[in-house]
Amino acid sequence: MPFSTKHLKANKVKYVTRLDQVPQLSGKERVDLERVNEKFVFRSNEYYQSLIDWEDPNDPIRRIIIPEVQELDDWGQLDASNEERYTPVKGLEHKYSSTALLLVNEVCAAYCRFCFRKRLFMDENDEVTKDISEGLRYIREHREISNVLLTGGDPLIMSTSKLAPIIEKLRQVDHVQIIRIGTKIPAFNPFRIIDDPSLLEMIQKYSTDEKKIYIMAHFNHPRELTGEAIKGLNLLMRAGAIVVNQTPLIRGVNDDPDILSKLFNKLSYIGVPPYYVFLCRPTLGNEPYALPVEKGYQIFENARKKCSGLAKRARLVMSHETGKVEVLAVTRDKVYFKYLRAAHPDNGIRFLEFPRNPDAFWLDDYADPALPGGEEHPYNNPAGEGNGIFWANGN
Ligand code: SF4
């Protein structure tokens, strides 16, 4: 289908939540995928669907939002990084001392099939609260919190009139310096930005000379960087926001050095630095999208070879229960990791070395329970040494 969004400009982008609202799917596909939809909900919109090449069953943009039957395979856990463990009050996560997450919304402009927070979209979800007063109180009482990330769901799916008071209240807290907004709106529906001057006015007001608003954008594939998306990004930047991009490595979407380097380079031309590249968490239903750690590293490094210095600034990481762990290097026999952020302060600069395991999808897969101390994750035990791990911080 030829790609045209012209007709969308004058209209509101229409959201769809039923597979029978996607006319390009065959009757059989709809029946097969309905079973998936019952477990992991589908949501999309007209603009994003217009980016799909429907002639190609393996189209990468299609893979981002259209369900796959393999999602029903038994793999992973709903809360793979145990976010619950770091939730002191409803709707607020506090894992790293300087950073708190406020879950302000449980809806996105479309649902990524590989989402690690898909539990929020389920009926039984009780983690997000519209009343963020408890979360704000917690932030006010914890002076070590200098960064607050608004997330969910997608905060920019909220109207500006609902979002602005949250930002305003955060700006009244002296020790909160950076407000981040985690959003895939610039990719999923840039008209939300283009058509709402009040959003840009709000950013202009609260992204100040001394305290910025960061937009943590989420582009997975260079084809998402359409003219409209680039316009939306530039509007945000001109309003005074700092925009960076983070993406997971997703099988069938960007697991190709040519595609990934194109994404990194194109983002750098626009002025949006690639920040983190995530290995997919072992989340329930995500087996069709996940890549093994060592294969992911290879793709990532081969992509970086084709990038300028400005385009290759991203780091390859896992958001593990114990912290943000960077994949540093893979040699013939070993794989090396380092904590970039750690929940336990003693892990802050910890360096890990394991024998290679090409079948490993996650840090846990490198800890062998047959070894002494292996029943417990050794990286949960800051005093511990063993299980093939070399602590390089002098302990
Ligand atoms: S935009 Fe983010 S929170 Fe929303 S479905 Fe995609 S990965 Fe999940």
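Residues numbered from 1 in each chain as written. Predicted model: local features only at pLDDT ≥ 70, side-chain atom pairs only at ≥ 80, totals over all residues.

**Section: the packing of helix H5 (residues 160–171) against helix H8 (residues 197–206)**
The interhelical angle for the contact between H5 and H8, taken along N-to-C directions, is 5 degrees, at an axis separation of 10 Å. One finds that H5 runs roughly parallel with respect to H8. For the pair H5 and H8, contact is made by Thr160, Ala164, Ile167 and Arg171 and by Ser198, Leu199, Met202 and Tyr206, respectively. Among the residues forming the contact of H5 with H8, the class breakdown is five nonpolar, two polar and one charged. (Axes fitted to C-alpha atoms, helices over the stretch in contact; angles between N-to-C directions. Helix = DSSP H or I, 4+ residues; strand = E, 2+ residues; numbered from the N terminus. Parallel < 35°, antiparallel > 145°, perpendicular 65-115°, else oblique. Contact = placed C-beta atoms within 7 Å. Nonpolar A, V, L, I, M, F, W, Y, C, P; charged D, E, K, R; others polar.)

**Remarks on unusual backbone geometry**
Leaving glycine out, the prevailing phi sign among residues is negative, and the prevailing peptide bond configuration is trans. For the bond running from Gly152 to Gly153, omega is 20 degrees, close enough to zero to count as cis. Mapped onto the fold, Gly153 is located in the loop between strand E5 (147–151) and H5.

**What about the packing of helix H10 (residues 257–270) against helix H11 (residues 293–304)?**
Two elements in contact, H10 and H11, have axes separated by 8 Å at closest approach and are oriented at 55 degrees. Considering their axes alone, H10 and H11 lie oblique with respect to each other. Of the two possible hands of crossing, H10 and H11 adopt the one that is right-handed. Here Pro257, Leu260, Ser261 and Phe264 of H10 come into contact with H11, specifically with Ile299, Asn302 and Ala303. Split by residue class, the contact of H10 with H11 holds five nonpolar, two polar and no charged. (Left-handed = near helix turned anticlockwise from the far one by under 90°.)

**Let's talk about the site of the ligand**
Surveying the vicinity of the ligand reveals the residues Cys108, Tyr111, Cys112, Cys115, Arg117, Gly153, Asp154, Lys184 and His218. Taken together, the residues of the shell around the ligand break down into four nonpolar, two polar and three charged. (Near = placed C-beta within 6 Å.)

**Comments concerning the pairing of strand E12 (residues 334–342)**
Summarising the sheet, strand E11 (residues 323–330) and E12 pair through seven bridges and their orientation is antiparallel. Paired with Glu326 across the bridge in E12 is Lys338. In sequence, E11 turns back onto E12 through a hairpin of three residues. Looking at chain direction, E12 and strand E13 (residues 351–355) are connected through five bridges and run antiparallel. Bridge assignment links Phe337 to a residue of E13, and that residue is Leu352. (Pairing = 2+ DSSP bridges.)

**Considering the sheet that holds strand E8 (residues 242–249)**
Remark on secondary structure: sheet strands pair via backbone hydrogen bonds, oriented parallel or antiparallel. Strand order in this open sheet of eleven strands is E3-E4-E5-E6-E7-E8-E9-E10-E11-E12-E13, and the pairing throughout is mixed. Pairing within the sheet leaves two strands with one partner each, and these edge strands are strand E3 (92–96) and E13. Averaged over all pairs of adjacent strands, the angle between their axes in this sheet comes to 30 degrees, without regard to strand direction. Both strand E6 (residues 178–183) and strand E7 (residues 213–217) contribute to a ladder of five bridges, which runs parallel. In the sheet register, Thr183 faces E7, and the bridge partner there is Ala217. Taken strand by strand, H11 contacts E8, strand E9 (274–279), strand E10 (315–320), E11 and E12, and its axis lies near 70 degrees from that of E11.

**Thoughts on the pairing of E6**
Relative to E6, E5 runs parallel, the two being bridged by four bridges. Residue pairing in the sheet places Leu149 in a bridge with Arg180 of E6. In this view, the connection linking E5 to its parallel neighbour E6 by way of H5 has right-handed handedness. (Right-handed = clockwise from strand over helix to strand, strands pointing away.)

Just geometry here; none of it tells us what the structure is for.
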